[in-house]
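# Observations on chain architecture
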Amino acid sequence: MKITKNVLFKNDLKEFLNLINSDNFPWYYNDKTAHIKSNINSKHTYEAPQMTHKLIHNGEINSDWLKVMSPILDNIYKDVDINGIIRMKFNLLFPYKYKKNEKHCTPHIDNEEYKGNRILLFYPEDCDCYTYFFKNKKVWKKVKVTGNTLIDFDGKIYHAGSHPVKNTKKIVLNINYM
């Protein structure tokens, strides 16, 4: 796992945030964050809705916004060796009232059918929540959502996000690549 801070220049980050926070950027409702069965059962797991926007799905362009954002997106992963993008999507999560002991959404693997894939998570803004990574069905690493930060990790690692508590929203760009 590699964590890179200060990924974008200040002006690029500002433009990126203006694009995804604009009234023109479409978001689509999903009733949960993980739509696959998990091999990890945890009393700390919950599910809640999120909004998404898929730029690339199954290796195919899925949104006209990809062209608009390409110069900035290229700068996000400029130091990553990418042979092909399987999926690129934004997740938008709103505050969620956790029940006692709930900490994270369903642990999952993205695009399990692709062997050797990797995942990039880019957080454009700070948020009062975490991303959890699992080994041997237990939390192995907990990473605070910090603005302008990129996480690169093996696609076989189970991971789970969480919703903000005090912040008004959490945005993450999720890129699955080969």
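Refer to the structure presented above.
First, a word on what this report is: a plain description of the structure on this page. (Residues numbered from 1 in each chain as written. Predicted model: local features only at pLDDT ≥ 70, side-chain atom pairs only at ≥ 80, totals over all residues. Heavy atoms only, no water.)

### Comments concerning the nonpolar core
Here is a general trend for soluble globular proteins: nonpolar side chains tend to be buried in one another's company. Membership of the largest hydrophobic core comes to 31 residues, with the highest contact counts inside it found for F16, L73, M88 and F90. Mapped onto this core, the elements with two or more residues apiece are α1 (10-20), β3 (50-57), α2 (65-76), β5 (85-93), β6 (118-123) and β11 (170-177). The dominant element in this core, judged by the number of residues it contributes, is α2, at six residues. If we ignore the near neighbours within four places in the chain, the residues touching M88 are H53, K54, L55, I56, L66, L73, Y77, L173, N174 and I175. Membership of the second largest hydrophobic core comes to twelve residues, among which are Y123, C127, F133 and I157. (Core = buried A, V, L, I, M, F, W, Y, C linked by side-chain atoms within 4.5 Å. Buried < 20%, exposed > 50% of the residue type's maximum accessible area, 1.4 Å probe, protein only. Helix = DSSP H or I, 4+ residues; strand = E, 2+ residues; numbered from the N terminus. Contact = heavy atoms within 4.5 Å.)

### Here we look at unusual backbone geometry
One non-glycine residue, N136, lies in the positive phi region at around 55 degrees. Of note, N136 is situated in the loop between β7 (130-135) and β8 (138-144). Residues other than glycine seldom take positive phi values, yet N148 does so here, at roughly 60 degrees. By the element assignment, N148 lies in the loop between β8 and β9 (149-154).

### Quick word on the sheet that holds β7
Sheet architecture is open: three strands sit in the order β8-β7-β10, paired in antiparallel fashion. Both outer strands of the open sheet, β8 and β10 (158-160), are each paired with one neighbouring strand and no more. Recorded for the sheet is a direction-independent mean angle of 25 degrees between the axes of neighbouring strands. Pairing of β7 with β10, which is carried by three bridges, proceeds in the antiparallel orientation. Directly across from F133, in β10, lies its bridge partner H159. (Pairing = 2+ DSSP bridges. Axes fitted to C-alpha atoms, helices over the stretch in contact; angles between N-to-C directions.)

### Re the packing of aromatic side chains
One pass over the structure, following the stated rule, counts eight aromatic pairs. Arranged with centres 5.1 Å apart and planes meeting at 70 degrees, the rings of F25 and W27 form a pair that is edge-to-face. Residue class for W27 comes out buried when judged on its relative accessible area of 19%. Ring geometry for F25 against F90: centres 5.5 Å apart, planes inclined by 90 degrees, an arrangement best described as edge-to-face. (Phe/Tyr/Trp six-rings, centres within 6.5 Å; stacked < 30°, edge-to-face > 60°.)

### Here we look at α1
Residues of α1 that are buried: D12, L13, F16, L17, L19 and I20. Viewed along the axis of α1, the buried residues span an arc of 160 degrees, placing them on a single side of the element. Opposite its buried face, α1 presents the exposed residues K10, N11 and K14, each directed more than 90 degrees away. Tucked into the core, α1 has its buried residues touching α2, β5, β6 and β11. (Arc of directions from axis to C-beta.)

### So, α2
The terminal C-alpha atoms of α2 lie 16 Å apart, and with twelve residues this matches the ideal 16 Å at 1.5 Å per residue to within 8%. Of the residues making up α2, those classed as buried are W65, L66, M69, I72, L73 and I76. Angular distribution of buried residues about the axis of α2 spans 130 degrees; they occupy a single face of the element. α2 presents K67 and P71 as exposed residues on the side facing more than 90 degrees away from its buried surface. (Expected span 1.5 Å × (residues − 1).)

### Regarding the pattern of salt bridges
Where side chains of opposite charge bring their charged atoms close, a pairing between them can arise. Going through the model one piece at a time under the given rule, you end up with four salt bridges. Linking R87 and D110 is a salt bridge whose minimum nitrogen-to-oxygen distance equals 3.1 Å. Of this pair, R87 sits in strand β5 while D110 sits in the loop between β5 and β6; the two residues are 23 residues apart in sequence, bridging distant segments of the chain. Taken individually, R87 and D110 each receive the classification buried, so the pair is uniform in this respect. The residue K156 makes a salt bridge to D154 at a minimum N-O spacing of 3.9 Å. Accessibility expressed as a relative area gives 62% for K156, which makes it exposed. The partly exposed category is assigned to D154, whose relative accessible area is 26%. (Salt bridge = Lys/Arg side-chain N within 4 Å of Asp/Glu carboxyl O.)

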